[in-house]
Amino acid sequence: GYRVSLQGNFYGRNHTYITFPEYSPRKHIKLDPPLNIESNATASKCQIWWSVWNVPWYLAEILQYELQYKEYSMSWEVALNKTLPTSLPQVEIEATELHSGIAYAARVRCKVSENENSYHSQWSEWSQTTVFQRADVPKVSEKILNTKTMQFLFIPLSFGTLLYLFWNCRLSSRKTVHFLKCCFLTLGQKTSPALTFPRQLLSFSHSIVCTMAILR
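Computed from a predicted structure; not experimentally measured.

## Some words on the nonpolar core
The tendency in soluble globular proteins is for nonpolar side chains to be buried as a group. Counting 24 residues, the largest nonpolar core has I48, W50, L67, I93 and F132 as the members making the most contacts within it. Elements with a contribution of two residues or more to this core: strand 5 (45–51), strand 6 (63–71), strand 8 (90–94) and strand 9 (103–112). Top contributing element to this core by residue count: strand 9, with five residues. Non-local contacts of I48, meaning those with residues more than four positions away in its chain, are made with I37, E38, S39, L67, P89, Q90, V91, I93, A106, T130 and F132.

Rendered as structure tokens:
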């Protein structure tokens, strides 16, 4: 250890004051704050990473980090704190801990792990902040939704048109047979997903065209 003393001159007389009779630098460590903090947010999680500077390798392996994050518009006094379980300069925040559409700010600080007996340090200053926002969960394509909407509307309208032509037109028995064949061919088709809707549309259109041709 070291002996740290303070000397001063008061009223023309020199005085020596012992401040730390047994001072050990390894027990009084304060590191520089982490640098280059960055983040990447997806729909499932947010990854945050950083680097440390001017830290000996034997200390880098026993560092402890604390993450602090909050909604961007809120004060740091209401921020959430997480003490990380490893000395790796990275952390993940699950999407369940974040609100969609809200911007967040995060920062981190470091010190020597409290589980280490050979060294002791206090927390460093906080790093610069990184801002991130959880990505929205991918939604069903609007194109597919619109296609389904058209499908549900077109099917009853098509049947309504066919029934109208059937009941309001005087068909011969032969024409009626052809008309019913067109209808049953359409009804007998297996329902297809929304992506095969154009085929269904052509099928219903074919039924109507057949009916119109029969009526001529």
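## A look at the sheet that holds strand 4 (residues 35–41)
A sheet is described by the order of its strands in space; here three strands give the open sequence 4-5-8, paired in antiparallel fashion. Of all strands in the sheet, those with a lone pairing partner are strand 4 and strand 8, marking the two edges. Pairwise comparison of adjacent strand axes, ignoring direction, gives a mean angle of 15° for this sheet. The pairing of strand 4 with strand 5 spans five bridges and is antiparallel. Note on strand 5: the bridge partner recorded for S39 is I48.

## Some points on the confidence of the model for the chain
When pLDDT is averaged along the chain, the result is 77, and 63% of the positions lie at 70 or above. The model gives residues 140–145 a pLDDT under 50, and that stretch makes three contacts with residues more than four places away or in other chains. A low-confidence stretch, residues 190–195 (pLDDT under 50), is modelled with eight contacts involving residues beyond four sequence positions or located in other chains.

## Structural notes on the pairing of strand 2 (residues 13–23)
Sheet analysis places strand 1 (residues 2–10) next to strand 2, joined by eight bridges and oriented antiparallel. Paired with N9 across the two strands is N14, which belongs to strand 2. Counting the residues between successive antiparallel strands, the hairpin from strand 1 to strand 2 contains two residues, one of them, Y11, with a positive phi of roughly 55°.

## A word on the pairing of strand 9
By the criterion of burial, strand 9 is predominantly enclosed, with nine of the ten residues buried. Two elements, strand 6 and strand 9, share nine bridges in a ladder whose sense is antiparallel. When the bridges of strand 9 are listed, Y69 appears paired with A106. Where strand 9 meets strand 11 (residues 130–133), four bridges bridge the pair, whose relative direction is antiparallel. Looking at the pairing, A103 lines up with Q133 of strand 11.

Rules used throughout
Residues numbered from 1 in each chain as written. Predicted model: local features only at pLDDT ≥ 70, side-chain atom pairs only at ≥ 80, totals over all residues. Heavy atoms only, no water. Core = buried A, V, L, I, M, F, W, Y, C linked by side-chain atoms within 4.5 Å. Buried < 20%, exposed > 50% of the residue type's maximum accessible area, 1.4 Å probe, protein only. Helix = DSSP H or I, 4+ residues; strand = E, 2+ residues; numbered from the N terminus. Contact = heavy atoms within 4.5 Å. Pairing = 2+ DSSP bridges. Axes fitted to C-alpha atoms, helices over the stretch in contact; angles between N-to-C directions. pLDDT = per-residue confidence, 0-100.

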